[in-house]
Amino acid sequence: MKLAVIDLVILAIYAVAIFGLAQWVSRDKSGAKKTSTDYFLASKNLPWWAIGASLIAANISAEQIIGMSGSGYVIGLGIASYEWMAALTLLIVGKFFLPIFLRNEIVTMPQFLQQRYGPTIRNVMAVFWLLLYVFVNVTSILWLGSIAVTTVTGIDQNLAIVCIAVFALAYQLWGGLKAVALTDIVQVALLVAGGLIIGFIALNHIADSTGGSGVVDGFATLVHRFPEKFDMILSKDNPHYQQLPGIAVLLGGLWVMNISYWGFNQYIIQRALAAKSLPEAQKGIAFAAYLKLLMPVIIVLPGLAALIIAPGLAKPDEAYPTMMNLLPTGLKGLVFAALIAAIVASLASKVNSISTIFTLDLYAKVRKDVSEQNLVLVGRVAAVVAMIIGVLTARPLLGSADQAFQFIQEFTGFFTPGIVVIFMLGLFWKRASEAGALTAAVGSVVLSAVFWWLQDTGQFIFPFMNRVGVVFVASLIAAVVVSLLVPAKPDAMKIKLDNITYKTTLGFNLAAVGVIAFLIAVYTIWW
């Protein structure tokens, strides 16, 4: 179903307004030129509301909206564990990780690794993150975003990929992180409004078609017709146990994946590193945690509603775009703008972090005496190159994937156990050495690949989330043993752990209690 003229007008207004706002908030002061701190860390002056909104905008994109809605269509509400458990993870990051990062004025995650271990692990992980962000994250956003654009507008998918890339690049190329972060409150407001509108209309449609009235009746019908889709903890006889293996979503590998993503992921943690102070960063983290609690309503519920409204979809990832076609003229343009907002905000965030790592962790280490303006220029060039690569490789890498969200989790699960081991030991165990860290990094990939090969050949059936947990434990043991056998050099440890307090404000503590109470309630109701 094509967009009406009024829908296109709304979309055009959004595009012009958000582009103009991004350039205005990131404008240079009279006579000043952008420094690397201005471009990559928003002048280290982000307020809490920008941090919280930008964390969600960087996270929630096509891979979540389209991919997780598709997984909701196939698996059910259980997929929401990724969102709800992330809320608790965010609070842990804010309380225990941020104080160390901000005390040491960390700008990038590879920088932390160099100051904690040495240059080798920094170089290895910088290259790894660049490859991951370009060939997994950027490509997945472009591909899944193009599915949504093509489904709603009918334009060619290759053209949709190019249009998304060009707009996201232009939106952040001049202003850097400040252009992204200070406009993300608008992007998130659109995202939340759009998701709630789709959910409201879909549930009303279900109620009307079954003789009921209102969203409560619609939701009740959905639960009654598909009770198996509302199990948060899947039993072993569930056909989707391999994707969400029972209690592991609460006690196992999901924790490893969440801690890696929210605690040590450059394009996520970069927002908090740009805070004006630690309390401001923690306040933003708490805000983001509550937004995460709301996300399943916005991105999983449409997939569940599609079970009744659009049964028999050719691909699960078509669920969310199909639900958009329920919307009347005008509202469709608003919700489509919300979807584009999520895609563009997340894509711009990832490209900005790619340019940050490439410029500060690789280029600046080779060219030590370059000017601030040269660093900003290199960052912009790196962003353009990364986007071009993403455009060219999106279809070859993801064109045949059925559930793209699950594909992304499966692939990143090869690396996340080692990443969490490296950082957790680096943060909290002084005897961890670079040799131990490298052992964890290499061991995580090798052991994960062995498990994957055994499963692919049918010799061993092991849910990937459990695999992540087992590989984490094995990598941790290996890193500890090697660190004891090959100790760090006496001057290797440059991270300051003195004068760090883990005490948080009353507001942060109350926010944490609220998140925990919510999680206990939902898992009790839908166990």
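The rules behind each value
- Think of each chain on its own: its residues are numbered from 1, step by step along the sequence as written.
- Only residues with pLDDT of 70 or above have their local features reported here, since the model is predicted, and side-chain atom pairs are shown and tallied only from 80 upward, although totals for entire chains, interfaces and linings are computed over all residues.
- Calculation of side-chain values draws on the structure's entire complement of heavy atoms; hydrogens and water are dropped beforehand.
- The numbering of helices and of strands both runs from the N terminus, where a helix is a DSSP run of H or I of at least 4 residues and a strand a run of E of at least 2.
- Residues are treated as being in contact if the distance between any of their heavy atoms lies within 4.5 Å.
- Nonpolar side chains (Val, Leu, Ile, Met, Phe, Trp, Tyr) are joined into patches within 5 Å and like charges within 9 Å, using only residues with over 30% relative accessible area and no salt bridge.
- Areas reported here follow the Shrake-Rupley algorithm with a probe of radius 1.4 Å; residue values treat only the protein chains shown as occluding.
- Whenever Lys or Arg places a side-chain nitrogen within 4 Å of a carboxyl oxygen from Asp or Glu, that contact is recorded as a salt bridge.
- Working definition: with a 1.4 Å probe on protein chains only, accessible area under 20% of the residue-type maximum means buried, over 50% means exposed, and in between means partly exposed.
- Axis lines are fitted through C-alpha atoms, for helices just across the contact stretch, and the angle between N-to-C directions can take any value from 0 to 180 degrees.
- Throughout this description, any angle smaller than 35 degrees is read as roughly parallel, any larger than 145 degrees as roughly antiparallel, any in the 65 to 115 degree range as roughly perpendicular, and the remainder as oblique.
- It is the rotation of the near helix from the far one that decides the hand of a crossing: anticlockwise by less than a right angle makes it left-handed, clockwise makes it right-handed.
- Side-chain classes are defined by residue name, with Ala, Val, Leu, Ile, Met, Phe, Trp, Tyr, Cys and Pro counting as nonpolar, Asp, Glu, Lys and Arg as charged, and the others, Gly among them, as polar.
- Stacked, edge-to-face and tilted labels apply to pairs of Phe, Tyr and Trp rings (six-membered ring for Trp) whose centres lie within 6.5 Å, assigned for plane angles under 30 degrees, over 60, and everything in between, in that order.

**Quick notes on the environment of Ala-275**
If you trace the backbone, Ala-275 turns up in the loop between helix H14 (266-273) and helix H15 (278-299). Separated by 221 residues in sequence, Ala-275 and Lys-496 place their C-alpha atoms 19 Å apart. With near-sequence residues (within four places) excluded, Ala-275 lies in contact with Lys-44, Leu-46, Ile-51 and Ala-281.

**Some points on a nonpolar patch on the surface**
Among the surface-exposed residues, Val-473, Ile-477, Val-481, Leu-485 and Val-486 lie close enough to one another that they form a single nonpolar patch of about 460 Å² accessible area. The partly exposed category is assigned to Val-473, whose relative accessible area is 43%.

**Some points on the packing of helix H5 (residues 81-103) against helix H21 (residues 416-428)**
Contact geometry of H5 with H21 gives a least axis separation of 11 Å together with a crossing angle of 70°. Viewed along their axes, H5 and H21 adopt a mutual orientation that is roughly perpendicular. The element H5 and its partner H21 pack so that their crossing is left-handed. Where H5 approaches H21, its residues Phe-96, Phe-97, Ile-100 and Phe-101 are matched on the opposing element by Met-424, Leu-427 and Phe-428. Considered class by class, the residues forming the contact of H5 with H21 number seven nonpolar, no polar and no charged.

**With respect to the environment of Trp-429**
Relative to the elements of secondary structure, Trp-429 occurs in the loop between H21 and helix H22 (434-456). Taking relative accessible area as the criterion, Trp-429 reaches 24% and is therefore assigned partly exposed. Counting along the chain gives 51 residues from Trp-429 to Val-480, while the straight-line C-alpha distance between them is 9.5 Å. Contact partners of Trp-429, with chain neighbours within four places excluded, come to Arg-116, Met-424, Val-480, Ser-483 and Leu-484.

**With respect to the packing of aromatic side chains**
Tallied over the full model, the rule gives 19 aromatic pairs. When the centroid spacing of 5.8 Å and the interplanar angle of 40° are considered together, the rings of Phe-96 and Tyr-502 count as tilted. Separated by 406 residues along the polypeptide, Phe-96 in helix H5 and Tyr-502 in the loop between helix H23 (464-485) and helix H24 (506-525) bring together distant segments of the chain. For Phe-96, a relative accessible area of 33% puts it in the partly exposed group. A relative accessible area of 31% places Tyr-502 in the partly exposed class. Plain terms: the ring middles of Phe-128 and Trp-129 are 6.1 Å apart, the flat faces sit at 50° to each other, and that makes the pair tilted. Residue Phe-128 shares its accessibility class with Trp-129, and that shared class is buried. Taken together, the ring pairs connect Phe-97, Phe-101, Phe-112, Phe-128, Trp-129, Phe-264, Phe-414, Phe-415, Phe-423 and Phe-428 into an aromatic cluster.

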